[in-house]
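Descriptive analysis of the structure
Residue-level listing of the chains:
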Amino acid sequence: MKIAIFDSGIGGVTVLHEALLRIPDAEYIFYADTDHVPYGTKTSEEIKGFVDDIVDSLVSLEADAIVIACNTATAVAAEHVRKKYSIPIIGMEPAVKPAVEVAKKDNGRVLVMATPVTIRENKLHSLLSKVDTDHMVDLLPMPGLVRFAENEIFDEAEVDEYIEEQLAVFDKSAYSEVVLGCTHFNYFKPAIRKAFADEIKLIDGNVGTIKHLADKLKLPYEYNPEKILTKFDYERIDYLVSGRPAGKEDLSKFGRLHERLNSIK
Ligand code: DGL
């Protein structure tokens, strides 16, 4: 079974990482569209064009299923590419529904962090109209985190300053849940927790997406909370950067990202 996972950039590595932990026996292709990252500040037409080309090339590489490991690309183009192909194409959207359920118990509000495109697209607003009937959800675009992530700036003071600036108009104490509505944001869990003085639950869509993928492909789904990925696990993947085989530098970057994901929770 060949599973292809793609994103505008390195955010998708967080989804690949989860897939390797939970569906370890599949064959994987990982595609980062590094020539065009970030997607989150581009027009919908541009993003649709990128996604079209990527999905065409992954289908020609005989992928049995494709995961759009990008909330932005899903919001803009998932429906469009699903109409073209019959293989499963799994998208991602901000995990607002589970966040609202937990926030009701916690008597708090939900803050969804995502890209400007995800926040402006209809997909999120139609989801909110179904699940946010009590108006507990606020939205915050955080495009700067995508830029930091692509440059592997995760724990530096400039990240903390950026998060503080973006949060300045919000009453942080009102929130009990933050939804990480962009796969790049998973690398910043420590910084986001710090900004909320640790009193916050971070909710991302990665686990739900991989569970959905396993169900769809009828593959066994494993979970061992103790397990971390070794080089052997993540070096066997076919990594592509905007269609080209990843070079030495890209491969070592992907390795560093898997190691970061091993070390943060
Ligand atoms: N990782 C992507 C997402 O989940 C988008 C990042 C970007 O390219 O702006 O939305």
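Overview of the structure. Note that this is a predicted model, so its numbers are computed, not measured.

Before going further, it helps to examine the overall build of the chain. Each helix and strand in the chain was counted, giving twelve helices and ten strands. Here the C-alpha radius of gyration of the chain, 18 Å, is about what a compact globule of 265 residues would show, namely 18 Å. In terms of overall dimensions, the chain has C-alpha extents of about 50 × 35 × 35 Å along its principal axes. Looking at the chain residue by residue over its 265 residues, the buried ones come to 56%. Restricting to contacts in the chain with at least 6 residues of sequence separation, those with at least 24 account for 77%. Just so you have it, the chain exposes about 12,000 Å², and 51% of that area is on carbon and sulfur atoms. Computed over 32 positive and 44 negative side-chain charges, the separation of the two mean positions in the chain equals 4 Å.

Tallied over the entire structure, the rule returns zero disulfides. Free cysteine Cys 182: the closest other cysteine sulfur is in Cys 70, separated by 6.7 Å.

Right, let's get into the nonpolar core. Among the nonpolar cores identified, the biggest contains 62 residues, and Ile 5, Tyr 28, Met 113, Phe 196 and Phe 254 are the most heavily contacted of them. When residues of this core are assigned to their parent elements, the largest contribution, six residues, is made by helix H1 (residues 11-22). With near-sequence residues (within four places) excluded, Tyr 28 lies in contact with Ile 3, Ile 5, Leu 16, Ala 19, Leu 20, Ile 23, Arg 236, Ile 237 and Asp 238. The next biggest cluster of nonpolar side chains, apart from the first, holds 23 residues, and it includes Ala 4, Ile 54, Ile 66 and Ala 78.

This paragraph deals with the site of the ligand. Near the ligand, the surroundings consist of 14 residues, among which Ser 8, Tyr 39, Gly 40, Thr 72 and His 184 are the closest. The contact in question runs from a nitrogen atom of the ligand to an N or O atom on the side chain of Asp 7, over 3.1 Å. For the ligand, the protein covers 99% of the area, taking 300 Å² as the surface of the free molecule.

For Asp 7, the position within the fold is in strand S1 (residues 2-7). For the buried Asp 7, no salt bridge exists, and the shortest N-O distance to an oppositely charged side chain is 11 Å, to Lys 253. For Asp 7, the contacting residues outside a window of four places in its chain are Gly 12, Tyr 31, Ala 32, Asp 33, Ala 69, Cys 70, Thr 183 and His 184.

This paragraph deals with the packing of H1 against helix H12 (residues 248-263). Relative to each other, H1 and H12 sit at 65 degrees, their axes nearing to 10 Å. By the criterion of interaxial angle, the relationship of H1 to H12 is roughly perpendicular. In the crossing of H1 with H12, the sense of the turn from one axis to the other is right-handed. Packed against H1, whose contacting residues are Val 13, Thr 14, Leu 16, His 17 and Leu 20, the element H12 presents Phe 254, Leu 257, His 258, Leu 261 and Asn 262 at the interface. Split into classes, the residues belonging to the contact of H1 with H12 amount to six nonpolar, four polar and no charged.

Moving on to the pattern of salt bridges. Using the criterion set out here, one finds 14 salt bridges in the structure. With its nearest N and O atoms 3.1 Å apart, the salt bridge here joins Asp 35 to Arg 244. Placement of Asp 35 in the loop between strand S2 (27-32) and helix H2 (44-60) and of Arg 244 in strand S10 (residues 244-245) is noted, with a sequence separation of 209 residues between them. Across the pair Asp 56 and Lys 84 runs a salt bridge, and its minimum N-O distance is 3.4 Å. On the criterion of sequence distance, the pair formed by Asp 56 in helix H2 and Lys 84 in helix H3 (residues 71-84) is long-range, its members being 28 residues apart. Residue class for Asp 56 comes out partly exposed when judged on its relative accessible area of 31%. Its relative accessible area of 40% is what places Lys 84 among the partly exposed residues. Members of the salt-bridge network, linked through shared partners, are Asp 52, Asp 56 and Lys 84.

Sheet architecture is open: six strands sit in the order S4-S3-S1-S2-S9-S10, paired in mixed fashion. The open sheet has two edge strands with one neighbour each: strand S4 (89-90) and S10. Here S1 pairs with strand S3 (residues 65-68) via four bridges, running parallel. Within the sheet, the bridge partner assigned to Phe 6 lies in S3 and is Ile 68. Contacts between H2 and the sheet are confined to S1, S2, S3 and S4, with S1 contributing the most and set at about 160 degrees to the helix.

The rules we used
- Numbers given to residues run from 1 along each chain, matching the order in which its sequence is written.
- With pLDDT at 70 or above as the cut-off, local features in this predicted model cover only qualifying residues; side-chain atom pairs require 80 or more to be listed or tallied, and sums for whole chains, interfaces and linings still use all residues.
- For side-chain calculations, the full set of non-hydrogen atoms in the structure is used, while hydrogens and water are omitted.
- Each helix corresponds to a stretch of at least 4 residues labelled H or I by DSSP, and each strand to a stretch of at least 2 residues labelled E; elements are numbered beginning at the N terminus.
- Between the two quantities, the radius of gyration covers C-alpha atoms and the globule rule is 2.2 Å times the number of residues to the power 0.38.
- Accessible area is worked out with a 1.4 Å probe on protein chains only. A residue is then buried under 20% of its type maximum, exposed over 50%, and partly exposed in between.
- Any two residues having at least one pair of non-hydrogen atoms within 4.5 Å are treated as being in contact.
- Using a 1.4 Å probe, accessible areas were evaluated by the Shrake-Rupley method; residue-level cover was limited to the displayed protein chains.
- Neither His nor the chain termini are counted; the positive set is Lys and Arg, and the negative set is Asp and Glu.
- Where a charge lies is defined by one atom per residue type, namely NZ (Lys), CZ (Arg), CG (Asp) and CD (Glu).
- In this description, a disulfide is simply a cysteine sulfur pair whose atoms lie within 2.5 Å.
- Put simply, buried Ala, Val, Leu, Ile, Met, Phe, Trp, Tyr and Cys residues joined by side-chain atoms within 4.5 Å make one nonpolar core.
- Being near a molecule or strand, for a residue, comes down to having at least one heavy atom within 4 Å of it.
- Think of a polar contact as two N or O atoms within 3.5 Å of one another; within protein, one of them needs to be a possible hydrogen donor and the other a possible acceptor, and neighboring residues in sequence only count if both atoms come from side chains.
- Definition used for salt bridges: Asp or Glu carboxyl oxygen within 4 Å of a side-chain nitrogen of Lys or Arg.
- Here the axes come from fitting lines to C-alpha atoms, over the contacting stretch only for helices, and the angles between their N-to-C directions go from 0 to 180 degrees.
- An angle below 35 degrees is read as roughly parallel, one above 145 as roughly antiparallel, one from 65 to 115 as roughly perpendicular, and any other as oblique.
- With the far helix as reference, a near helix turned anticlockwise by less than a right angle produces a left-handed crossing, and one turned clockwise produces a right-handed crossing.
- Residues are sorted three ways: Asp, Glu, Lys and Arg are charged, Ala, Val, Leu, Ile, Met, Phe, Trp, Tyr, Cys and Pro are nonpolar, and all the rest, Gly among them, are polar.
- Between any two strands, pairing holds if DSSP finds at least two bridges.

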